[in-house]
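Each chain is listed here by its residues.
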Amino acid sequence: MTSARELVVEADGGSRGNPGPAGYGAVVLDAATGETLAEAAEYIGVATNNVAEYKGLVAGLKAARELFPDATVHVRMDSKLVVEQMSGRWKIKHPDMKPLAAEAGRVFPAGRVRYEWIPRERNKHADRLANEAMDAGRLGRRWEPSGSTASLDASAARNASAPPPSGPPGDARAGAARARAALSTTAAGTSTSTRTGAPTGTGAGAGARPAAGDGLFAAEEATAASSTPTASGDFEAEAGAPAPTGQAARTRTDPGPAPTGAEPDRAAAPGTGATRSDAPAPVSVQPRGASPQGWAAPDTGAPATLVLLRHGETALTPEKRFSGSGGTDPELSAAGLRQAEAVAAALAARGTIQEIVSSPLTRCRQTAAAVAARLGLDVRIEQGLRETDFGAWEGLTFGEVRERYPEDLDAWLASPKAAPTGGGESFATVARRVAATRDRLTAAHAGRTVLLVTHVTPIKTLVRLALGAPPESLFRMELSAASISAVAYYADGNASVRLLNDTSHLR
């Protein structure tokens, strides 16, 4: 005999390679007592993380129906993609996921199932089951419930954990609460872990996912995500030319290329390290109403998080040539296409992106298309995200510009108001354009996470403005091809730089 009652289904899935050997895990819990009522896990062969997660959801719902067909079900998963799609807030476009989502939707009437995103550390039971299934599959065996320790491990973790923080992924207050919860858990004698696809028993989670996870862009995870860049780009015009050193720019001699693996010495401003008297006031350094003190006032809701993705390499990138919006509009090279696929896989695994906005230039549209195909999202073109127009310098190296237009180059290095030869854009002009674009996007996407696929100058400008840094700071940021950065913007006007130049997905 069955009776109406509330059940909790926790489900997960992972792939060691994405796509690669994959498995899922699901557990049915009594909502009132937390008692484990049923477990399910299976090795499914080669598949992606998202397919494995959906299969875990289907298995968990079916297990719940077998127990109590009239139950109401609270599904909890750490896959933002699955939760948002099954809740009807995101479109399902990927051909492998559409039938799985439809199957999940048929198990129970829609009115009796609700979905909730939870942090990965709160989904360890299903995570462990998925790993056990993948371990069994690696050995050519089937997962057996009798050999599972997932329930015992999950019970210990629940007893040691702090109360779950509220707030969506990317919310700074929720991020701080999660950090405190992690610290309290460690102090209690248990350790948290990230998904690396290691065999069961190592404490790793299901699948070869990035350590930063669904909340990658939350404040407490930003420092852990920093990495050594895979390629320089400081002499490529998109990345900014080297700042003058020692003497004033107009009397400086060209130092020549920096030694391999080294960066040129860079001064705070042309002439001396002191503030220039002729420097213009910063352009829209912070959104209107922002407090200059990071601790001064509380935010007024979930931030608009802009995830900033630089496009992959073109043929001009390794040659460090000026490549802006006034030149040939090159396509991605073979290396750039591989980079686009790598970053697409990483973002799909993290599952936090809700919208994609791209520069109109071909290299960005190609990079954005690779990500959109993985996430099942559309791409919107934003003219304000285009790269600087470098005028007559387009296609030239820094050394070639030095030889042909030395005075114009010196003026450009000395002042953000100076434009490249031939009527290009100054950094001040670009800053105004980018700031206006930022204000439109953050107003339209409050509380959401939006991927901006753009170029070096717009990304560096957004970071500079968020930090309230002077224009010459553009010359002091490293930004590699296909790198990820992130800035969160709160309704009270404050901004938080959470990530800069992450290239871990390219290793």
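A.B. asks: Account for the packing of helix 8 (residues 334–350) against helix 9 (residues 362–375), with residues named and values stated.
C.D. replies: Viewed as axis vectors pointing N to C, helix 8 and helix 9 meet at an angle of 35°, and their least axial separation amounts to 8 Å. Crossing hand, helix 8 versus helix 9: right-handed. Here Ala-340, Glu-341, Val-343, Ala-344, Ala-345, Leu-347 and Ala-348 of helix 8 lie close against helix 9, whose contacting residues are Thr-367, Ala-370, Val-371, Arg-374 and Leu-375. The residue makeup of the contact of helix 8 with helix 9, split by class, is nine nonpolar, one polar and two charged.

A.B. asks: Lay out the pattern of salt bridges in plain terms, naming residues and giving numbers.
C.D. replies: Applying the stated criterion across every chain yields a total of 20 salt bridges. A salt bridge links Arg-350 to Asp-502; its shortest N-O distance comes to 3.5 Å. Here Arg-350, found in helix 8, pairs with Asp-502, found in strand 11 (residues 495–502); they are 152 residues apart in sequence, far enough to count as distant. Just as Arg-350 is buried, Asp-502 falls in that class too. The salt bridge involving Arg-440 is made with Glu-382; its shortest N-O contact spans 2.8 Å. Highlighted residues: Arg-440 in helix 12 (residues 427–444) and Glu-382 in the loop between strand 8 (379–381) and helix 10 (398–404), separated in sequence by 58 residues. Taken together, the salt bridges that share partners define one network made up of Lys-80, Glu-84 and Arg-89.

A.B. asks: How would you explain the confidence of the model for the protein chain if you had to name every residue and give the values?
C.D. replies: Scored by pLDDT, the protein chain comes out at a mean of 76, with 70% of its residues at no less than 70. Element-level pLDDT for the protein chain is lowest in helix 7 (residues 219–222), with a mean of 34, against a maximum mean of 97 in strand 9 (residues 449–454). Between residues 158–216, whose pLDDT stays under 50, and residues either more than four places distant or in other chains, the model counts 132 contacts. Note that residues 218–296 has pLDDT below 50 and, in this model, 163 contacts with residues that lie over four places away or in other chains.

A.B. asks: How would you explain the packing of aromatic side chains if you had to name every residue and give the values?
C.D. replies: In this structure the tally under the stated criterion is seven aromatic pairs. Taken together, a centroid distance of 6.1 Å and an interplanar angle of 70° make the contact between Phe-427 and Phe-475 edge-to-face. Residue Phe-427 is located in helix 12, and its partner Phe-475 is located in the loop between helix 13 (456–467) and strand 10 (484–489); the two are separated by 48 residues in the primary sequence. Owing to a relative accessible area of 6%, Phe-475 belongs among the buried residues under this scheme. Here the aromatic residues Phe-322, Phe-390, Trp-393, Trp-412, Phe-427 and Phe-475 are joined through ring pairs into a cluster of three or more.

A.B. asks: Go over helix 4 (residues 124–138), please, and point to the residues and values.
C.D. replies: Taking 1.5 Å per residue as the helical rise, helix 4 with its 15 residues ought to reach 21 Å, and the 21 Å between its terminal C-alpha atoms agrees with that figure. Helix 4 sits mainly inside the fold: twelve of its 15 residues count as buried. Within helix 4, the full set of buried residues consists of His-125, Ala-126, Asp-127, Leu-129, Ala-130, Asn-131, Glu-132, Ala-133, Met-134, Asp-135, Ala-136 and Gly-137. Where helix 4 ends, the next residue or the one after it, Gly-140, has phi of about 75°, a positive value.

A.B. asks: Before we move on, could you go through the environment of Pro-95 and cite the residues and values that matter?
C.D. replies: Mapped onto the elements of the fold, Pro-95 is located in the loop between helix 2 (80–86) and helix 3 (98–107). Between the C-alpha atom of Pro-95 and that of Gly-376, which follows or precedes it by 281 residues, the distance is 9.1 Å.

A.B. asks: Break down the nonpolar core for me, with residues and values.
C.D. replies: Within soluble globular proteins, side chains that are nonpolar tend to cluster in buried spots. By size, the foremost hydrophobic cluster in this structure holds 35 residues, and its most contacted members are Tyr-54, Leu-57, Leu-61, Val-75, Met-86 and Tyr-115. Going through the elements one at a time, strand 1 (6–15), strand 2 (20–30), strand 3 (36–47), helix 1 (49–67), strand 4 (72–77), helix 2, helix 3 and strand 5 (113–117) are the ones with two or more residues in this core. Take this core: its biggest share by element is eight residues, from helix 1. Once residues within four sequence positions are removed from consideration, Tyr-115 is found in contact with Leu-57, Leu-61, Val-75, Val-83, Met-86 and Ser-87.

A.B. asks: How would you summarise the environment of Val-401 if you had to cite specific residues and measurements?
C.D. replies: Along the chain, Val-401 turns up in helix 10. With a relative accessible area of 0%, Val-401 lands in the buried category. Sequence separation between Val-401 and Pro-420 is 19 residues, and the spatial gap between their C-alpha atoms is 9.8 Å. What Val-401 contacts, discounting residues up to four positions off in sequence, is Phe-322, Trp-393, Leu-396, Pro-406 and Leu-409.

A.B. asks: Now, about the sheet that holds strand 7 (residues 355–358): what can you tell me, with residues and values included?
C.D. replies: One open sheet accounts for six strands, arranged 8-7-9-6-10-11; its pairing is mixed. Single-partner strands in this sheet number two, and they are strand 8 and strand 11. Pairs of neighbouring strands in the sheet enclose a mean axial angle of 20°, with direction left out of account. Two elements, strand 6 (residues 304–310) and strand 10, share six bridges in a ladder whose sense is antiparallel. Within strand 10, the position partnered with Ala-304 by the bridge is Tyr-489. Where helix 8 meets the sheet, its contacts fall on strand 6, strand 9, strand 10 and strand 11, and the angle it forms with strand 10 comes to roughly 40°.

A.B. asks: Talk me through unusual backbone geometry; I want residue IDs and the actual numbers.
C.D. replies: One non-glycine residue, Asp-329, lies in the positive phi region at around 55°. The residue Asp-329 is located in the loop between strand 6 and helix 8 in this model. On the basis of relative accessibility, which here comes to 28%, the residue Asp-329 falls in the partly exposed class. A positive phi angle is found at Asn-501, which is not glycine, with a value near 60°. With respect to the helices, strands and loops of the structure, Asn-501 is situated in strand 11.

Cut-offs used in this document
- Residues numbered from 1 in each chain as written.
- Predicted model: local features only at pLDDT ≥ 70, side-chain atom pairs only at ≥ 80, totals over all residues.
- Heavy atoms only, no water.
- Axes fitted to C-alpha atoms, helices over the stretch in contact; angles between N-to-C directions.
- Helix = DSSP H or I, 4+ residues; strand = E, 2+ residues; numbered from the N terminus.
- Left-handed = near helix turned anticlockwise from the far one by under 90°.
- Contact = heavy atoms within 4.5 Å.
- Nonpolar A, V, L, I, M, F, W, Y, C, P; charged D, E, K, R; others polar.
- Salt bridge = Lys/Arg side-chain N within 4 Å of Asp/Glu carboxyl O.
- Buried < 20%, exposed > 50% of the residue type's maximum accessible area, 1.4 Å probe, protein only.
- pLDDT = per-residue confidence, 0-100.
- Phe/Tyr/Trp six-rings, centres within 6.5 Å; stacked < 30°, edge-to-face > 60°.
- Expected span 1.5 Å × (residues − 1).
- Core = buried A, V, L, I, M, F, W, Y, C linked by side-chain atoms within 4.5 Å.
- Pairing = 2+ DSSP bridges.

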